[in-house]
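Observations on chain architecture
Listed here are the chains, written in short residue letters.
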Amino acid sequence: MKARVTEIFSSIQGEGLLVGQPQIFIRFAGCNLDCDYCDTPKKRGREFGLYELLDLVRAVNAGKSADTVSLTGGEPLLQADFLKTFL
C-alpha cells in the first residue's frame, strides 16, 4: 500500500487549535477539487509505503518537539485507504 506525497516538513502551525505549536506537515499529492484559493501546485509527488513514510516522519522530527502531524494536500482523503492504515 502506497500514497503519493509532495513534501514533508517540520514547521509551526499557523492556524486552528494548535496555532503556534511545532508540527510535522505531510502534503499529499492529487486533488479532485478546484478551489479558487488553492495554494498547492499540482505536483505528482513521490510514492511512499506505510513504514517508509513513518520513518520519514520520525527523521524529520528528530531533535524537534512536534507531537502532532498535519495531513494536508492536495486532498489527503483521496488516499483514505492508505491513511486508515497509516494512522
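Right above here is the structure, for reference.
Now for a look at the structure at hand. (Residues numbered from 1 in each chain as written. Predicted model: local features only at pLDDT ≥ 70, side-chain atom pairs only at ≥ 80, totals over all residues. Heavy atoms only, no water.)

Quick word on the sheet that holds strand β1 (residues 2-12)
If you trace the four strands from one edge of the open sheet to the other, you get β3-β1-β2-β4, paired in mixed fashion. Strands at the two margins of the open sheet, each flanked by one partner only, are β3 (46-49) and β4 (69-73). Geometrically, the sheet is characterised by an average inter-axis angle of 50° between neighbouring strands, direction not taken into account. (Pairing = 2+ DSSP bridges. Helix = DSSP H or I, 4+ residues; strand = E, 2+ residues; numbered from the N terminus. Axes fitted to C-alpha atoms, helices over the stretch in contact; angles between N-to-C directions.)

Comments concerning the nonpolar core
Ile8, Ile26, Phe28, Leu53, Phe82 and Phe86 are the most contacted members of the largest nonpolar core, which totals 15 residues. Looking at this core, the elements with two or more residues in it are β1, β2 (22-28), α1 (50-61) and α2 (80-86). At four residues, the largest contribution of residues to this core is made by α1. Not counting chain neighbours up to four residues away, the residues in contact with Ile26 comprise Val5, Glu7, Ile8, Leu53, Val57, Val69, Ser70, Leu71, Thr72 and Phe86. (Core = buried A, V, L, I, M, F, W, Y, C linked by side-chain atoms within 4.5 Å. Buried < 20%, exposed > 50% of the residue type's maximum accessible area, 1.4 Å probe, protein only. Contact = heavy atoms within 4.5 Å.)

Overview of the side chain of Asn61
As for its placement among the helices and strands, Asn61 is situated in helix α1. Given the relative accessible area of 19%, Asn61 is considered buried. Non-local contacts of Asn61, meaning those with residues more than four positions away in its chain, are made with Ile24 and Ala66.

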